[in-house]
Protein chains: 2
Amino acid sequence: GIESEDQDDIDLHARNIATILEKTYYNVDNHASESLDWFNVLIAQTISQLRTEALISDNIFHSLNDFLTKSDFPDYLDTVKITEIDIGDDFPIFSNCRIKQSQDGSGRLEAKIDVDLSDTITLGIETRLLINHPRPMIASLPIQLSVSLVRFSGCLAVSLFKPLVTSPLKGTSNGSKKTEKKAEIESGTAIRFSFSPDYRLEFNIKSLIGSRAKLQDVPKISSLIEARLKQWFVERSVEPRFQVIRIPSLWPRSKNTREAVADKTD
Amino acid sequence: GIESEDQDDIDLHARNIATILEKTYYNVDNHASESLDWFNVLIAQTISQLRTEALISDNIFHSLNDFLTKSDFPDYLDTVKITEIDIGDDFPIFSNCRIKQSQDGSGRLEAKIDVDLSDTITLGIETRLLINHPRPMIASLPIQLSVSLVRFSGCLAVSLFKPLVTSPLKGTSNGSKKTEKKAEIESGTAIRFSFSPDYRLEFNIKSLIGSRAKLQDVPKISSLIEARLKQWFVERSVEPRFQVIRIPSLWPRSKNTREAVADKTD
């Protein structure tokens with residue numbers, strides 16, 4: 001049955017762990033954590049390029065606008081319009097990387113990495129608060145909101161694995177491995193990542209109301225927005241939830257080969 | 001014109017480099033190289049999983065057999081049949097990671113990483129050497145060859161970038177960025193990697209001939225095989241050639257979210 005096959009997988013996995021750690025000279029109990037300064041530079045370069053392109057082609061605005069247009073807001077909020085975008089100018093700092101065995105019973109080895117970001121990433125919107133009581137649309141209040149992410153810190157768990165699950169919707173990472181399809185075996189490696197529940201996600205939320213009335217509703221809207229953003233993050237990336245991103249095979253292939261253009265400095 | 005836009009890109013890029021290095025506290029001239037012990041463990045775990053699955057489902061044999069069947073061998077070699085596969089039992093060791101500016105004139109920051117692999121990865125084949133002179137197929141000699149990769153060491157250069165080139169066939173990594181397609185902008189990050197030309201790739205090649213005659217042809221076949229393997233590697237992954245592998249966006253998405261199954265140890 002599937003359960004005993006799973007158990008075989010787990011036993012085999014456990015036997016492999018000792019070998020892997022021995023051959024890579026890594027002792028999970030006392031290996032010093034490692035710096036990731038090089039990785040910070042590569043990530044920063046990528047983010048910097050993304051920002052440059054965002055400024056050129058305004059694509060962040062369009063993506064966010066699409067997202068907000070399609071989002072399902074409560075019926076007391078009117079259409080949401082973007083008034084301000086600040087894509088930030090700082091970079092996340094990854095540090096303190098160490099290998100631990102996962103606590104999910106599989107014994108899988110994962111890298112735990114501290115992540116810290118202090119930046120100001122702002123989205124300003126305007127909308128209207130619709131007063132639907134006692135009758136629908138009896139009144140509306142123009143609202144301007146500005147939401148800034150000012151701090152994120154957390155512990156990221158990363159591991160690599162060969163995904164073999166045939167249906168991408170199944171998602172029980174270790175389950176039903178042997179119902180294989182030959183085509184899936186070629187599909188490369190996947191990154192699995194999630195954040196520990198003790199993350200810090202700090203927002204700075206400002207709100208303005210265009211009329212004198214109903215000031216007492218503003219904190220409710222701010223906290224609604226903040227809760228929504230945190231919920232979005234938790235539902236996707238905080239343990240026990242995790243993200244699975246397939247990366248294509250790194251095996252060198254002709255179709256992925258490029259050649260540098262002539263050197264422009266010589 | 002495209003050339004002046006390219007020049008603008010390069011200038012902008014150069015201005016960004018100083019900012020990136022400053023904000024990530026990295027001085028390319030004197031930053032100590034960093035260890036990658038954690039990465040070795042993750043890679044080893046992935047390779048170990050791959051080997052386990054290869055043993056279960058025999059897929060390495062089938063992939064290689066397909067490859068050999070489709071390969072274009074010289075007309076003095078008959079069909080190539082696999083007689084031995086050893087997928088090795090050791091793992092590559094990555095070390096000594098440092099950020100340098102690329103020498104290709106773009107100023108791009110890349111991580112240089114030493115890679116070392118001592119293992120025995122063997123492919124044994126049998127075929128026949130066809131003697132086509134003075135007449136086609138006048139004779140044939142059964143040959144058994146065993147090719148082992150026993151050592152690889154080299155310096156890997158890795159960088160990340162946001163690919164924006166619309167046609168995947170164009171490939172001039174920095175060129176023609178602004179002929180954008182909105183759909184392409186969402187396509188995530190790409191890894192670019194290549195090896196320095198001073199790599200070491202050592203093979204151990206054994207050959208047996210089934211008849212007494214023509215022993216002097218054997219080293220020619222061994223060196224043909226070795227040259228072919230090295231050529232395969234050089235043409236794909238040695239500077240100025242490089243591999244470009246797109247990885248999907250790491251932005252957390254519902255469709256990539258999984259939830260851990262119930263803890264089996266508690």
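Residues numbered from 1 in each chain as written. Chains lettered and ligands numbered in written order. Predicted model: local features only at pLDDT ≥ 70, side-chain atom pairs only at ≥ 80, totals over all residues. Heavy atoms only, no water.

**Thoughts on the pairing of strand β3 (residues 109-131) of chain B**
All names here are of chain B.
Thinking step 1. Of the strand pairs in this sheet, strand β1 (residues 81-86) and β3 are connected by five bridges, and their pairing is antiparallel. Counted as the bridge partner of E84 is G124 from β3.
Thinking step 2. Sheet topology note: the strand β2 (residues 93-101)/β3 ladder contains seven bridges and is antiparallel. Bridge pairing links K100 to E110 in β3.
Thinking step 3. Examined bridge by bridge, β3 and strand β4 (residues 139-161) share 19 bridges and lie antiparallel to one another. Residue pairing across strands places D116 opposite S153, the latter belonging to β4. (Pairing = 2+ DSSP bridges. Helix = DSSP H or I, 4+ residues; strand = E, 2+ residues; numbered from the N terminus.)

**Description of the pattern of salt bridges**
Residues and elements named next belong to chain B.
Thinking step 1. What the rule picks out here adds up to 25 salt bridges over all chains.
Thinking step 2. Between D78 and R128 there is a salt bridge; the shortest N-O distance is 2.9 Å. Of this pair, D78 sits in the loop between α3 (59-70) and β1 while R128 sits in strand β3; the two residues are 50 residues apart in sequence, bridging distant segments of the chain.
Thinking step 3. The exposure class assigned to D78 is partly exposed, which follows from its relative accessible area of 24%.
Thinking step 4. The partly exposed category is assigned to R128, whose relative accessible area is 33%.
Thinking step 5. Notably, a salt bridge pairs K81 with E126, separated by 3.5 Å at the nearest N-O pair. Of this pair, K81 sits in strand β1 while E126 sits in strand β3, placing them 45 residues apart in sequence. (Salt bridge = Lys/Arg side-chain N within 4 Å of Asp/Glu carboxyl O. Buried < 20%, exposed > 50% of the residue type's maximum accessible area, 1.4 Å probe, protein only.)

**Let's talk about the packing of aromatic side chains**
Residues and elements named next belong to chain A.
Thinking step 1. All chains considered together, the criterion is met by 12 aromatic pairs over all chains.
Thinking step 2. Ring centres 5.3 Å apart and planes at 45° place the aromatic pair F195 and F233 in the tilted group. Taken together, the residues F195 in strand β5 (residues 189-195) and F233 in helix α5 (residues 218-237) connect sequence positions 38 residues apart. Here F195 matches F233 in class, with each residue buried.
Thinking step 3. What links up through ring pairs into an aromatic cluster is the set F152, F195, Y199 and F233. (Phe/Tyr/Trp six-rings, centres within 6.5 Å; stacked < 30°, edge-to-face > 60°.)

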